[in-house]
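Coordinate analysis (summary)
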Amino acid sequence: MNNEITWVNVIEASSGLENLSGTGDVDIFEFHSSTDSAATIAADTTRTFDSISNFASNIDKIQLDSVGTLDFSTDAVVTLNQRSLTDVDTFTELASQLGTLSASTATTVEIYDINITGLLADAGTNHIFVVNDNDTSLTADDLMIGLTASSPTILNSDFDIIT
């Protein structure tokens, strides 16, 4: 009889700026609402949303519950939109270059995986993902999370919807 144990680390986000770090084991990063890591900025260049380092795609998970006023159903499907933006110097430029976003619904979660070059990237924000709420623009009701330079491209399977 083999009694192998796999440890799972649950890392729960809360409001305010946080630098969350994976452990090298299986990690679950929980985000229950937009206030856990709102898509907001200070002085147009200072990161005020959470960042995850040491995220292992296909091993670790990011769990989502709601964004803005929208609660996701447990059978919601993740749609991952990949974007590469160049010469992004401010968060205002980021929002402008992103343009119109697809709105999430209770059963479809619209996530944008964004790689950035420019002054914002030089300041340490070069890879982010945004979980859009039920409108078509980037606002503080969206969830925004930075990934360190060593983090891989995220996959649909890296997300779980919880309630």
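Details of the structure are given in the entry above.
Everything numeric here is computed off the predicted structure, so don't read it as measured data.

Focus: helix H1 (residues 91-98)
- Those residues of H1 that sit buried are Phe91, Leu94 and Leu98. Angularly, the buried residues of H1 cover 50° about the axis, an arc narrow enough to put them on a single face. Those residues of H1 that are exposed and angled more than 90 degrees off the buried face are Thr92 and Ser96.
- Just downstream of H1 lies glycine 99, where phi reads positive at about 70°.

Comments concerning the packing of aromatic side chains
- Overall, the coordinates contain 3 aromatic pairs when judged by the stated rule.
- Summarising the aromatic geometry, the rings of phenylalanine 49 and phenylalanine 91 are spaced 5.7 Å apart at their centres and angled 90° between planes, so their arrangement reads as edge-to-face. Note that phenylalanine 49 is positioned in the loop between strand E5 (46-47) and strand E6 (51-53) and phenylalanine 91 in helix H1, a separation of 42 residues in sequence. Neither residue differs from the other here; phenylalanine 49 and phenylalanine 91 are each classed as buried.
- Seen from their ring centres, phenylalanine 129 and phenylalanine 159 are 5.4 Å apart, and the 80° between their planes marks the pair as edge-to-face. Here phenylalanine 129, found in strand E12 (residues 127-131), pairs with phenylalanine 159, found in strand E14 (residues 159-161); they are 30 residues apart in sequence, far enough to count as distant. Considered together, phenylalanine 129 and phenylalanine 159 belong to a single accessibility category, that of buried residues.

Brief notes about the sheet that holds E12
- Read from one edge to the other, the open sheet built from 6 strands follows the order E2-E6-E13-E12-E11-E10, with strand pairing classed as mixed. Of all the strands in the sheet, the pair left with one neighbour each is strand E2 (19-21) and strand E10 (77-85). Each strand of the sheet is rotated relative to its neighbour by a mean of 25°, with strand direction disregarded.
- For E12 and strand E13 (residues 143-147), the ladder comprises 4 bridges, and the chain directions are antiparallel. Residue pairing across strands places phenylalanine 129 opposite isoleucine 145, the latter belonging to E13.
- Strands in contact with H1 are E10, strand E11 (108-116), E12 and E13; relative to E10, the strand with the most contacts, it is inclined by about 115°.

Calculation criteria
Residues numbered from 1 in each chain as written. Predicted model: local features only at pLDDT ≥ 70, side-chain atom pairs only at ≥ 80, totals over all residues. Heavy atoms only, no water. Buried < 20%, exposed > 50% of the residue type's maximum accessible area, 1.4 Å probe, protein only. Helix = DSSP H or I, 4+ residues; strand = E, 2+ residues; numbered from the N terminus. Arc of directions from axis to C-beta. Phe/Tyr/Trp six-rings, centres within 6.5 Å; stacked < 30°, edge-to-face > 60°. Pairing = 2+ DSSP bridges. Axes fitted to C-alpha atoms, helices over the stretch in contact; angles between N-to-C directions. Contact = heavy atoms within 4.5 Å.

All we've got here are geometric facts, nothing functional implied.
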